[in-house]
Amino acid sequence: MKQFKFWSVVAAILVVAPVLCSAQPVIEFDKRSHDFGEKYPHQALVHQFTFKNVGNESLHIDRVTTNCGCTAAVLSATSVAAGATGIISVTMTTSYATGVMLKNATVLSNDPKNPRVKLEVKAKIKKMWVFSPRPSYTFQDVPFGTEKSLTLKLQNLEEEPFKILSTRVRKPEFKVDYGEGGADGIPITVTVKPQNKKGFVVDTLEIKTDNKKNPLVSVSITAKVVGHVRFSRERLWFGAVKSGETITRTLTVSLADELKDQQLDITEIEGDKDIISGTIKEKMPDGAWELEFVLKAPEKPGFRTGVMKIHTNLKSEPIAELPYSAIVRNTNSRENPLGLDDLKK
């Protein structure tokens, strides 16, 4: 009798075990990619991916991730019963850049065989707008306290008439104006008036039109702001220097063309580290100054960089900054001549 009960339990386990082992969720999509075809920039494109739980246990969606901010995904339900269906709605906002745009979303679930499923959406971005004679607004060498303007014409490649409703820039250095349109487009003028800070100022001009297909047009603006003091080299580069070695570099300093009627005086050269010094050599016949800089490489190897401050008599730029750099080599070690281990520390 005991033997009969034992084999009855074994038989029951053998019957139930396969069922228990096969109890699991299975996620299955009707398709994993979608092509929107040809679309215009700045459009929000939406596609719904349908999936079904073809397993025999509840499917749990942990989350859905996207690979960029221009793509978003919305899940209809986080738990899907066996045999039930769900929807993942993926939205892709097309960029201004033309060409093929490809983005994806990743579905993470408790499906043991497919815990990560990648969904793909793509579109070919059509070009409707063009600027001429240049594709963007680029200003080279704009000095402090001055203004520069550049006019480009906005054209509709599908030759549809349009009006500009508004324009927008974010940086206070830029101002925008536009005129009446013609057969070759509408002229749009960007004016830059930089503040007293050297470097690049970058912005995006957004133009809203009455075109229903693609009402928003974007174009980049870049301005390189320079001071009134001009150096014959934008950076003092001493190259690779041996530890303890002394290197000398000379350059000239002059005024920008818009200040040619003024006199430039150099009153002091200030270094930010004791490894470098500067000397005022002489004033040249054209009003420029010749300066000499001496770098004494320290014993410790590595990359050295800093800024020299040139004091002037100009109210608009009393201190002109000149960056410098050098690589100090370790002459006592062939295995680590540049002291890379020191740089890592």
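Let me begin by describing the structure that accompanies this report. Given the structure is predicted, the values throughout are model-derived calculations rather than measurements. (Residues numbered from 1 in each chain as written. Predicted model: local features only at pLDDT ≥ 70, side-chain atom pairs only at ≥ 80, totals over all residues. Heavy atoms only, no water.)

**Focus on the side chain of Arg304**
And step 1. By the secondary structure assignment, Arg304 is in strand 24 (residues 302-312).
And step 2. A polar side-chain atom of Arg304 sits 2.8 Å from the main-chain carbonyl oxygen of Lys300.
And step 3. The residues contacting Arg304, other than those within four sequence positions of it, are Ile275, Pro298, Tyr324, Ser325, Ala326 and Val328. (Helix = DSSP H or I, 4+ residues; strand = E, 2+ residues; numbered from the N terminus. Polar contact = N/O pair within 3.5 Å; in protein donor to acceptor, adjacent residues only side chain to side chain. Contact = heavy atoms within 4.5 Å.)

**A short note on the packing of aromatic side chains**
And step 1. Tallied over the full model, the rule gives three aromatic pairs.
And step 2. Taking 5.4 Å as the distance between ring centres and 45° as the angle between the ring planes, the aromatic pair formed by Phe29 and Phe51 counts as tilted. Of this pair, Phe29 sits in strand 1 (residues 27-29) while Phe51 sits in strand 3 (residues 44-53); the two residues are 22 residues apart in sequence, bridging distant segments of the chain.
And step 3. On the basis of relative accessibility, which here comes to 10%, the residue Phe29 falls in the buried class.
And step 4. Both rings, one in Phe131 and one in Tyr137, keep their centres 6.3 Å apart while their planes meet at 70°; by these two values the pair is edge-to-face.
And step 5. The class of Phe131 is buried, set by a relative accessible area of 7%. (Phe/Tyr/Trp six-rings, centres within 6.5 Å; stacked < 30°, edge-to-face > 60°. Buried < 20%, exposed > 50% of the residue type's maximum accessible area, 1.4 Å probe, protein only.)

**Structural notes on the nonpolar core**
And step 1. By size, the foremost hydrophobic cluster in this structure holds 28 residues, and its most contacted members are Phe238, Leu291 and Phe293.
And step 2. Residue assignment for this core shows that the elements contributing at least two residues are strand 18 (229-231), strand 19 (236-242), strand 20 (246-255), strand 21 (266-270), strand 23 (289-296), strand 24 and strand 25 (319-329).
And step 3. With five residues, the single largest contributor to this core is strand 25.
And step 4. Residues contacting Phe293, with those up to four places away along its chain left out, are Leu236, Phe238, Ile247, Thr248, Arg249, Leu251, Ile269, Ser277, Gly278, Met308, Ile310 and Leu322.
And step 5. In this structure, Phe139, Val142, Leu152 and Ala223 belong to the second largest nonpolar core, which totals 27 residues. (Core = buried A, V, L, I, M, F, W, Y, C linked by side-chain atoms within 4.5 Å.)

**Focus: the pairing of strand 17 (residues 216-226)**
And step 1. A large share of strand 17 lies buried, amounting to eight of its eleven residues.
And step 2. Two elements, strand 11 (residues 137-143) and strand 17, share five bridges in a ladder whose sense is parallel. Residue pairing in the sheet places Tyr137 in a bridge with Ile221 of strand 17.
And step 3. With ten bridges connecting them, strand 16 (residues 199-209) and strand 17 associate as antiparallel partners. Bridge pairing in strand 17 links Val202 to Thr222.
And step 4. Counting the residues in the hairpin turn of strand 16 and strand 17 gives six residues. (Pairing = 2+ DSSP bridges.)

**Here we look at the pattern of salt bridges**
And step 1. This structure, assessed with the given rule, holds eleven salt bridges.
And step 2. Across the pair Lys153 and Asp184 runs a salt bridge, and its minimum N-O distance is 2.6 Å. With Lys153 in strand 12 (residues 148-156) and Asp184 in the loop between strand 14 (174-178) and strand 15 (186-192), this pair connects stretches of sequence that are 31 residues apart.
And step 3. Between Lys224 and Glu234 there is a salt bridge, with its nearest N and O atoms 3.0 Å apart. With Lys224 in strand 17 and Glu234 in the loop between strand 18 and strand 19, this residue pair connects regions lying ten residues apart in the sequence.
And step 4. Note on Lys224: relative accessible area 18%, which makes it buried.
And step 5. Taken together, the shared-partner salt bridges connect Lys126, Glu158, Glu160 and Lys213 into one network. (Salt bridge = Lys/Arg side-chain N within 4 Å of Asp/Glu carboxyl O.)

**Structural notes on the environment of Leu259**
And step 1. Here Leu259 lies in the loop between strand 20 and strand 21.
And step 2. Through-space distance from the C-alpha of Leu259 to that of His228 is 7.3 Å; in sequence the pair is 31 residues apart.

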